[in-house]
Amino acid sequence: MPTTVHDVAILADFRFAGPDVAAEVRAQADAALSTVLVHVPLPGDDRPLPFGSPVRDLIRDGLAELARDDQPVEARLLVIRGRRPIVEDLPDVRAERTVAVDDPGPRAGRSHLRWLAGYGIRPRISAPARPRGAGPVAPVPTRRMLLVGEDEDALIRLTAIARRLPPAVAPVIVTQSSGAVDGFLTEHIPSRAVRRDRLAHLIDLHRPEVVVVDGRWRDRPVVPGVVWVKVGREGTEGFDHVLVPGELADGAEPITLLDAGDLLDTAAARAELGLDDRPAALVRLDALVEPVAERGFQVVRRDRAGRHLRAFDLVVGPADYHGFHEQLRFGIPSVFVPDPRDPGAVRARYAEAAGVALPVGELDAAMRPEVRDALRRRCEELTFANGASGAATWLSGLAARRERIGG
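This is a predicted model, so every value here is computed, not measured.

Criteria and thresholds
- Residues numbered from 1 in each chain as written.
- Predicted model: local features only at pLDDT ≥ 70, side-chain atom pairs only at ≥ 80, totals over all residues.
- Heavy atoms only, no water.
- Helix = DSSP H or I, 4+ residues; strand = E, 2+ residues; numbered from the N terminus.
- Contact = heavy atoms within 4.5 Å.
- Areas by Shrake-Rupley, 256 points an atom, 1.4 Å probe, with all protein chains shown as cover.
- Buried < 20%, exposed > 50% of the residue type's maximum accessible area, 1.4 Å probe, protein only.
- Arc of directions from axis to C-beta.
- Pairing = 2+ DSSP bridges.
- Salt bridge = Lys/Arg side-chain N within 4 Å of Asp/Glu carboxyl O.
- Right-handed = clockwise from strand over helix to strand, strands pointing away.

A.B. asks: Break down the overall build of the chain for me, citing the residues and quoting the values.
C.D. replies: Scanning the chain from N- to C-terminus turns up 12 helices and 16 strands. Partitioning the intrachain contacts of the chain with sequence separation of at least 6 by distance along the chain shows that 62% fall at a separation of at least 24. Total accessible area on the chain stands at roughly 19500 Å², and carbon and sulfur atoms take up 51% of it.

See the structure below:
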């Protein structure tokens, strides 16, 4: 992810923050404003208490980012909250404006946005107020965003972002894969040979404000009026912005498709898959189906678990971007089989060193329930949010500042 100046930084002791903070942050997210939470314990109170559940939900859902102790925070507005506002020994926070608030009570929705506007923070996306007694509200004019992905990993990443864009931004998925992406308008590029011309045609057809490209793209059409965003580090020459998907091993939030609410609970997931009470394993590589089955597991051979992830006591497979991050995020005991030529090798080494997964050489150890329980507990300690919401907010902010091609 690029270095970003957040719209709002909230400094507080989040062990005691409640629904009022959550309501304000959700209003900011709805307006495409980014939020970073700076946790500072109250002076003299360093009890190891957890954050309140409303704050945990914000971080889990990607509506707010939790500041790291070892990195500075930059924001347009710093809000210092609490009945005893913390105004001394502040961490490294750089803000254009700062206000200390003695818990004024919840300000949700438009009232909170009006309060922010008084400090120069205005929504990037907003819907007009509905007059009392008026008829049906006319749809807000939709801004379009083209999301172009070359391979399956890219397509999943872009779909994750598309799902979290605000209603005022309509995503159009562009892919070389066959089939439609569920819930989204999908356009196809039949082959690399016609990719440049086909994309130029789609830009002219949909008139997007932003084009997001995930994959190696060295022959993009030059179209004025579009902000190009390149997802990834390679081949960034000529792109206006670069969005780097986070990696857990780098301490950054990964972009993943699923959130906790997307998953079936264990009983429902196992019932849909026809699993009995024996331990169940998802095996993502053909060569390991038999070795896992021989160790007493009922085996499901699939490339991805999707919403059935909680059905499994163990997942054995590659440390690819999405599988790696989703399995660890939801505490699924995992055995990773890295390809030494792939970034998955780095992920697998990190997971082993952090104690959140096992290498394939320890497959026998993964068969023991106490080992899997230890992996689950370690994953719970390694909590991290979904970076897809932050990416969607940033991209929708770009779209809000652009004019559509042709009008």
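Still more to cover.
A.B. asks: Report on helix 2 (residues 53–60), specifying residues and quantitative values.
C.D. replies: Every α-helical turn comprises 3.6 residues, leaving residues that sit three or four positions apart pointing alike. Regarding helix 2, the residues found buried are P54, V55, L58 and I59. Along helix 2, the residues classed as buried sweep out an arc of 135° about the axis, all on the same side. For helix 2, the elements touching its buried residues are helix 1 (19–30), strand 2 (35–39) and strand 3 (65–66). Trailing helix 2 by a residue or two, G62 shows a phi angle of about 75°, which is positive.

A.B. asks: Lay out the sheet that holds strand 15 (residues 334–336) with the relevant residues and their values.
C.D. replies: Taking strand neighbours across the sheet as the criterion, the 5 strands line up as 13-12-14-15-16 in an open arrangement whose pairing is parallel. Edge positions in the sheet fall to strand 13 (298–301) and strand 16 (358–359), since each has one partner strand and no second.

A.B. asks: Got a sec to walk through the pattern of salt bridges? Specific residues and values, please.
C.D. replies: Overall, the coordinates contain 26 salt bridges when judged by the stated rule. Residue E74 is joined to R94 by a salt bridge in which the shortest nitrogen-to-oxygen separation is 3.8 Å. Taken together, the residues span a long stretch of sequence, with E74 in strand 4 (residues 73–81) and R94 in strand 5 (residues 93–101) at a distance of 20 residues. Exposure remark for E74: the relative accessible area of 30% places this residue in the partly exposed category. Given a relative accessible area of 44%, R94 falls into the partly exposed group. Of the charged contacts, one joins E152 and R304 as a salt bridge, the two residues approaching to 3.4 Å between their closest N and O atoms. In this pair, E152 sits in helix 4 (residues 152–163) while R304 sits in the loop between strand 13 and strand 14 (314–317), placing the two residues 152 residues apart along the sequence. Given a relative accessible area of 49%, E152 falls into the partly exposed group. On the accessibility criterion, R304 (25% relative accessible area) is partly exposed. Counted as one network, the salt bridges with shared partners bring together E152, D153, R284, R304 and D320.

A.B. asks: So what about the pairing of strand 6 (residues 143–149)? Which residues, and what values?
C.D. replies: Taking burial as the measure, the 7 residues of strand 6 include 5 buried ones, the bulk of the element. Looking at chain direction, strand 6 and strand 7 (residues 169–175) are connected through 7 bridges and run parallel. In the strand pairing of strand 7, V148 is matched with V174. Each parallel crossover has a hand, and the one from strand 6 via helix 4 to strand 7 is right-handed. The pairing of strand 6 with strand 9 (residues 210–214) spans 5 bridges and is parallel. In the sheet register, V148 faces strand 9, and the bridge partner there is V213.

The quantities given are spatial measurements derived from coordinates; they are silent on function.
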